[in-house]
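Coordinate inspection notes
This is what each chain is made of:
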Amino acid sequence: MKICLSIVLLTMIFSSLTCAEVRNRDIYAQLKGKHEILLSSELSARIIYIKVRNGEHFNKGDILIQFDCALEEAKLEKAQIVMKSRQRMHTIQQRLLKLNSTGNLEAEMAAVNVAKARADINIQSVIISKCNVIAPFSGRVVNTEVDTYEFVSAGRPLLQIIDSGALEIEFLAPSSWLQWIKTGYKFLIKISETRSTHKGEVTRTGAQIDPVTHLVKIYGKLLAQNKNNLIAGMTGKIIMPDR
């Protein structure tokens, strides 16, 4: 009986030491922008204005790049003139139809021509809306892929931008941590570059465990505090409180 009890106690002690060892192992994390995207051109045109350069800040809704769209604007003006002309013709056909001076086919064709002209205006309006590259969020420029006065084709990468205001913590942890680490779990992160320590909170865990390393991704956020000196790409050591 004493031997069995001793084995149980040793097993419990070994298990607790193993957990503590795993918990205190060095786990390093990286700060990442919540949104990091590569903006590409949606039309073929010449660049006439670039507002921001590498590292500069911008606000949501700012014009980042402006294209020369004089030709597209002229096409829109032409489409609007055609629209007015076809509307007049449609009006005339409607009056003649009431007087039995024209047929239904002519009146219907006039209405179709108005619809076509309206569609042409809509198409040109969409194209012109692409002449300005608008910031989808507030952030910073990571890399500028083009230069002013350069002609670019549709699909050409323009700017790589990052949401610097919403940093996310990402790190790899032993899969055994999933037994106790859950959404909302609090931890600390000591940033290597600034040597400052910040509070963090787990927001979600990875959907898959690496079968070779038995590691799983953990994602977290920085809690409200002074974090103006933190930028994406910084690394730090994760410090988990004792359970």
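Parameters at a glance
Residues numbered from 1 in each chain as written. Predicted model: local features only at pLDDT ≥ 70, side-chain atom pairs only at ≥ 80, totals over all residues. Heavy atoms only, no water. Core = buried A, V, L, I, M, F, W, Y, C linked by side-chain atoms within 4.5 Å. Buried < 20%, exposed > 50% of the residue type's maximum accessible area, 1.4 Å probe, protein only. Helix = DSSP H or I, 4+ residues; strand = E, 2+ residues; numbered from the N terminus. Pairing = 2+ DSSP bridges. Disulfide = S-S within 2.5 Å. Polar contact = N/O pair within 3.5 Å; in protein donor to acceptor, adjacent residues only side chain to side chain. Salt bridge = Lys/Arg side-chain N within 4 Å of Asp/Glu carboxyl O.

**Quick word on the nonpolar core**
One finds Ile169, Phe171, Ile238 and Met240 to be the most contacted residues of the largest nonpolar core, which totals 22 residues. For this core, the secondary structure elements donating two or more residues are strand S1 (27-33), strand S10 (167-174), strand S11 (186-191) and strand S13 (215-222). No other element matches S10, which puts four residues into this core. Within the second largest apolar cluster, 21 residues are counted, among which are Ile47, Phe58, Val141 and Val146.

**Comments concerning the pairing of strand S9 (residues 157-162)**
The sheet contact formed by strand S2 (residues 36-40) and S9 spans five bridges and is antiparallel. For isoleucine 37, the partnering residue across the bridge sits in S9 and is isoleucine 161. In this sheet, S9 lies alongside strand S7 (residues 139-144) in antiparallel orientation, the contact comprising four bridges. Bridge assignment links asparagine 143 to a residue of S9, and that residue is glutamine 160.

**Examining the state of the cysteines**
Applying the stated criterion across every chain yields a total of one disulfide. The side chain of cysteine 69 participates in a disulfide bridge whose partner is cysteine 131; the two sulfur atoms lie 1.8 Å from each other. Where cysteine 69 bonds to cysteine 131 through sulfur, the torsion about that S-S bond is close to -105°, and the disulfide is left-handed. Linking cysteine 69 in the loop between strand S5 (63-67) and helix H2 (70-98) with cysteine 131 in the loop between helix H3 (104-129) and strand S6 (132-134), this pair joins segments that are 62 residues apart in sequence.

**Comments concerning the environment of arginine 204**
Inspection of the secondary structure assignment puts arginine 204 in strand S12 (residues 197-209). The exposure class assigned to arginine 204 is partly exposed, which follows from its relative accessible area of 37%. With 16 residues separating them in the primary sequence, arginine 204 and glycine 220 have C-alpha atoms 6.8 Å apart. At 2.7 Å, the side chain of arginine 204 and the side chain of glutamate 168 are in polar contact.

**Details of the pattern of salt bridges**
For the structure shown, the criterion picks out eleven salt bridges. The partner of arginine 46 in a salt bridge is aspartate 68, with the nearest N and O atoms 3.1 Å apart. Residue arginine 46 is found in strand S3 (residues 45-50), and its partner aspartate 68 is found in the loop between S5 and H2; the two are separated by 22 residues along the sequence. Given the relative accessible area of 34%, arginine 46 is considered partly exposed. Its salt-bridge partner being aspartate 147, residue arginine 53 comes within 3.2 Å of it at the nearest N-O pair. Here arginine 53 is found in the loop between S3 and strand S4 (57-58), whereas its partner aspartate 147 is found in the loop between S7 and strand S8 (151-152), with 94 residues between them in sequence.

Bear in mind that shape data such as this cannot, by itself, settle questions of function.
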